[in-house]
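Geometric and topological summary
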Amino acid sequence: MGGLVIPWGSIAVQLIGFIILLALLSKFALKPLLGVMEQREKLVNDQIDSAERNRKDAEELLNQQREELNNAKKEAQGIIENAKKLGEQQGQDIIKTSREEAGRMKDTAIAEIQNEKDQAVVALREQVASLSVLIAQKVIEKELDEKAQEQLIQDYLKQAGEEL
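- The name given to the chain in an unreviewed UniProt entry is ATP synthase subunit b, with the source organism recorded as Alkalicoccobacillus murimartini.
- If you open the UniProt record of the chain and go to Sequence similarities (unreviewed entry), you find "Belongs to the ATPase B chain family."

Next comes the structure, spelled out in structure tokens:
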């Protein structure tokens, strides 16, 4: 046997020592280290979940703000349209009122003109009547011939034309 001698006793002692060392490391170092790693993994997962929730909340808030902005734009557009319609309606009302007032003024003026015309016609009739009576008196007083009577009528008509 000249070769190689394997020290089985030494290997067995080293193997037992290694197993004991593994057991001690497992109990006192590996389990706490794995616990810390699990806690760290849980913390990272919680932070990822929190970030995801915050992102979703931010998206919802952004969508809500966009919707509110669109609603505000629609409301503003509605207010502008209502103001335009109200302005147009008020303008039409003012025009209508002005036209009605102008019509009333025109009717009043026409009525006044007609009244003055009627008064002038009445005054003219009174003058014609009084002139007719005057001519009749003169005709009766003078008992004129036909030529003189014709001259008297012409004078009367001339006089009536000048008074009008």
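1. Focus: the overall build of the chain
- Scanning the chain from N- to C-terminus turns up two helices and zero strands.
- Just so you have it, the chain exposes about 14,700 Å², and 59% of that area is on carbon and sulfur atoms.

2. Topic: the UniProt feature "transmembrane region" (unreviewed entry) in the chain
- In the numbering used here, UniProt assigns the "transmembrane region" (unreviewed entry) feature to residues 6–30.
- Along residues 6–30 one finds 92% helix and 0% strand; the C-alpha atoms at either end are 33 Å apart.

3. With respect to the pattern of salt bridges
- Enumeration according to the criterion identifies three salt bridges in this entry.
- In this structure, Arg 55 engages Glu 52 in a salt bridge whose closest nitrogen and oxygen atoms are separated by 2.3 Å. Highlighted residues: Arg 55 and Glu 52, both in helix H1 (residues 8–142), separated by three residues, approximately one helical turn.
- Using a relative accessible area of 38% as the deciding quantity, one classes Arg 55 as partly exposed.

4. Observations regarding a nonpolar patch on the surface
- Residues Leu 15, Phe 18, Ile 19, Leu 21, Leu 22 and Leu 25 make up a contiguous nonpolar surface patch of roughly 580 Å² in combined accessible area.
- You can see Leu 15 is positioned in helix H1.

Quick notes on the rules
Residues numbered from 1 in each chain as written. Predicted model: local features only at pLDDT ≥ 70, side-chain atom pairs only at ≥ 80, totals over all residues. Heavy atoms only, no water. UniProt positions renumbered as here; feature names shortened; annotations may be inferred. Helix = DSSP H or I, 4+ residues; strand = E, 2+ residues; numbered from the N terminus. Areas by Shrake-Rupley, 256 points an atom, 1.4 Å probe, with all protein chains shown as cover. Salt bridge = Lys/Arg side-chain N within 4 Å of Asp/Glu carboxyl O. Buried < 20%, exposed > 50% of the residue type's maximum accessible area, 1.4 Å probe, protein only. Patch = residues over 30% accessible without salt bridge, like charges linked within 9 Å, V, L, I, M, F, W, Y side chains within 5 Å.

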